[in-house]
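One-letter residues, chain by chain:
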Amino acid sequence: MSRLPSSSSVQAALTPEHDNVLDELLDNLRAATESLAAPAHLEATLMSAFKAHHAKSHAAKRRSEFITQWFAPGFALAASVGMSAWMVLAPMAQPILDQPQFASIGVETGISTNAPFIALQSLEQIALEPQPRLIEADVPRMWLAAYGVSVNPESAGDAVRAEMLVSASGQPLAMRFLP
Amino acid sequence: MPLTDPTQDLTLLTEMRRGSATAFEQLYRRHQGPLYRFALLRCGSAATAADIVQEVFLALLNDTLKFDPTRGVLQGFLFGVTRNLLLKQQEATRRYVPNNHALDTDDTDNDIADTSAGPLEKLLTNEAAENVRNALQQIAPHYRDVLIFYEMHDLSYVEIAHICNVDIGTVRSRLSRARAKLFKLLRPDFLEAAAHQTPTHQQEAIQ
């Protein structure tokens, strides 16, 4: 019996006998192909790709969690006291970053040191830090609002790239947003 | 009727997005077979079918596909993605691209696929099945899609309409024409088979 429903509104182009023979041939094709599968190596390739993708995502997530843990309280405090002006290190950044312990940071990370930093600790504390390091991470765009930058509510949840100067123990010292 | 449980698919997809390699592995094993077989019958090349399946699952793991569970089941979605990738591949290599408006008219030139790309590789050891597969390659792609989904994967008219982005009437029409074209291409085989099995007076009735 043909697999086409008898209530089909389309006039059948084949006789019932032809339909039956065609169905048998199609059943044969189905049986001959039902055990076919993608090549075995494809699964291994995809599993490797999956692990690589999630290793990268995990590292990015850990950086973001670190930034959130250390910087969110500072940004919340800044916003709560109504700080609308940038506290920039621009006039001070070069002298501080010229000190020996900072000399290799830019080279190691490949990050430009020309943009101004926002001090999160006193300049004295930053200058006294023996082993500072620069890290790069994605932070919520809404953090810009704490520094007087207008943020579109629709994009507040988006991520912006930032560089963080942190102490050896991970304490945030300064940061700057990257274009 | 879907071949996999949609609820389980959704659970695996959620776990996969959370980083579960096991979930991704299970999703792959559940869906690679039907997708591969559809791609294989659709394009006639084992290598291309494998490439397409790989591309589908790479897009899935990179979360670039944006599957919306409120709009359908994962299997249908993956079939649609596979079909679209095959269409892009086909358009890149095809010499004759029919006008979309003419796809479902009575113009019989649109019912025959462009086979000038080269000889088909032999894929099946079953000769009768291989003959049907070769005949399938000679049917226009938009008819072939519907025939494969309906006859090989038991998808409903509604599911096929959603995958192919056409209405149900068009699915019925394409399926009917596809079967008619397939019969026309395989007719000599029918007659030969009938001649060996059927008494003379019944042979005349079939012809």
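Calculation notes
Residues numbered from 1 in each chain as written. Chains lettered and ligands numbered in written order. Predicted model: local features only at pLDDT ≥ 70, side-chain atom pairs only at ≥ 80, totals over all residues. Heavy atoms only, no water. pLDDT = per-residue confidence, 0-100. Helix = DSSP H or I, 4+ residues; strand = E, 2+ residues; numbered from the N terminus. Contact = heavy atoms within 4.5 Å. Buried < 20%, exposed > 50% of the residue type's maximum accessible area, 1.4 Å probe, protein only. Salt bridge = Lys/Arg side-chain N within 4 Å of Asp/Glu carboxyl O. Pairing = 2+ DSSP bridges. Buried area = accessible area lost by both parts, 1.4 Å probe. Polar contact = N/O pair within 3.5 Å; in protein donor to acceptor, adjacent residues only side chain to side chain. Nonpolar A, V, L, I, M, F, W, Y, C, P; charged D, E, K, R; others polar. Axes fitted to C-alpha atoms, helices over the stretch in contact; angles between N-to-C directions. Left-handed = near helix turned anticlockwise from the far one by under 90°. 1 Å grid on protein atoms, 1.4 Å probe; cavity = no way out; pocket = protein on both sides within 12 Å on 5 of 7 lines; lining within 4 Å. Points joined across faces, edges and corners; volume = space filled by probe spheres on them. Bend = angle between axes of the 7 residues up to and from the residue.

(A) Fine view of the confidence of the model for chain A. Residue and element names in this part refer to chain A. The predicted model of chain A averages 70 in pLDDT, with 51% of residues at 70 or higher. Ranking the helices and strands of chain A by mean pLDDT puts helix α1 (residues 16-33) first, with 93, and helix α4 (residues 105-109) last, with 42. Note on residues 6-11: pLDDT under 50 across the span, and seven contacts to partners over four residues away in sequence or across chains. Predicted confidence is poor over residues 81-97, with pLDDT under 50, and the contacts of this stretch with residues over four places away or in other chains come to 31 contacts.

(B) Summary view of the environment of Ala161(B). Residues and elements named next belong to chain B. The residue Ala161 is located in helix α7 (residues 157-164) in this model. You can call Ala161 buried: its relative accessible area is 8%. Expressed as a C-alpha distance, the spacing of Ala161 and Val171, which sit ten residues apart in the sequence, is 6.1 Å. Residues contacting Ala161, with those up to four places away along its chain left out, are Val166, Asp167, Ile168 and Val171.

(C) Focus on the pattern of salt bridges. Scanning all chains against the criterion turns up 13 salt bridges over all chains. Among the salt bridges present, the one from Arg179(B) reaches Asp19(A), with a minimum N-O distance of 2.8 Å. Within this pair, whereas Arg179(B) is found in helix α8 (residues 168-197), its partner Asp19(A) is found in helix α1, the two belonging to separate chains. Of the two residues examined, Arg179(B) and Asp19(A), each falls in the buried class. The salt bridge partner of Asp9(B) is Arg30(B), with a shortest N-O separation of 2.9 Å. Highlighted residues: Asp9(B) in helix α1 (residues 6-17) and Arg30(B) in helix α2 (residues 21-43), separated in sequence by 21 residues. With a relative accessible area of 1%, Asp9(B) lands in the buried category. Of the residues examined, Arg30(B) reaches a relative accessible area of 23% and is grouped as partly exposed. The structure contains a network of salt bridges with shared partners spanning Asp19(A), Asp23(A), Glu151(B) and Arg179(B).

(D) Quick look at the pairing of strand β3 (residues 159-166) of chain A. Residues and elements named next belong to chain A. Across the eight residues that make up β3, a large majority, six, are buried. In this structure, strand β2 (residues 133-140) lies alongside β3, joined through eight bridges in antiparallel fashion. Residue Ile135 lies in a different strand from β3, and its bridge partner there is Met164. Here five bridges tie β3 to strand β4 (residues 172-177), and the two strands are oriented antiparallel to one another. Within β4, the position partnered with Ala162 by the bridge is Phe177. Where β3 folds back on β4, the antiparallel hairpin that results is connected by five residues, among which Gly170 adopts a positive phi of roughly 95°.

(E) Examining the interface of chain A and chain B more closely. Listed as interface residues are 38 residues of chain A and, on the opposing side, 46 residues of chain B. Here chain A and chain B share an interface that buries about 3,800 Å² over both sides, 69% of which is from carbon and sulfur atoms. For the pair chain A and chain B, the interface holds four salt bridges. The salt bridge partner of Asp154(B) is Arg30(A), with a shortest N-O separation of 2.7 Å. Viewed at the interface, chain B and chain A are joined by eleven residue pairs in polar contact (both at pLDDT 80 or more). Of all the secondary structure elements, the ones that give two or more residues to the side of chain A that touches chain B are α1 and α2 (40-80) of chain A. For the side of chain A that touches chain B, the leading source of residues is α1(A), giving twelve residues. By residue class, the composition of the side of chain A that touches chain B is 20 nonpolar, eleven polar and seven charged.

(F) Here's a closer look at the packing of α2(B) against helix α3 (residues 46-61) of chain B. All names here are of chain B. Where α2 contacts α3, the axes come no closer than 9 Å and their chain directions differ by 145°. Note that α2 runs across α3; the crossing there is right-handed. Between α2, through Phe24, Leu27, Tyr28, His31, Gln32, Leu35, Tyr36, Ala39, Leu40 and Cys43, and α3, the contact on the second element is made entirely by Ala46, Thr48, Ala49, Ala50, Val53, Val56, Phe57, Leu60 and Leu61. Its residues placed into classes, the contact of α2 with α3 shows 16 nonpolar, three polar and no charged.

(G) Helix α5 (residues 127-137) of chain B, seen in detail. Among the residues making up α5(B), those that are buried are Ala129(B), Glu130(B), Val132(B), Arg133(B), Ala135(B), Leu136(B) and Gln137(B). The backbone nitrogen of Ala128(B) lies 3.1 Å from a side-chain oxygen of the residue at the head of α5(B), namely Asn126(B).

(H) Region of the structure containing the layout of surface pockets. All names here are of chain B. Approximately 430 Å³ is the volume attributed to the second largest pocket. Lining the second largest pocket are 17 residues, with Arg71, Gly76, Phe77, His162 and Ile163 positioned closest to its centre. Of all elements in the fold, only α4 (74-93) and α7 reach the threshold of two or more residues within the lining of the second largest pocket. A per-element tally of the lining of the second largest pocket places α4 first, with six residues. For the lining of the second largest pocket, the residue count by class is six nonpolar, six polar and five charged.

(I) Broad picture of α2(B). Residues and elements named next belong to chain B. At Gln32, α2 shows its maximal bend, which comes to roughly 40°, and the proline Pro34 appears one to four places after that position. In terms of burial, α2 is a largely internal element, 17 of the 23 residues being buried. Gly44 lies just past α2 and shows a positive phi near 80°.

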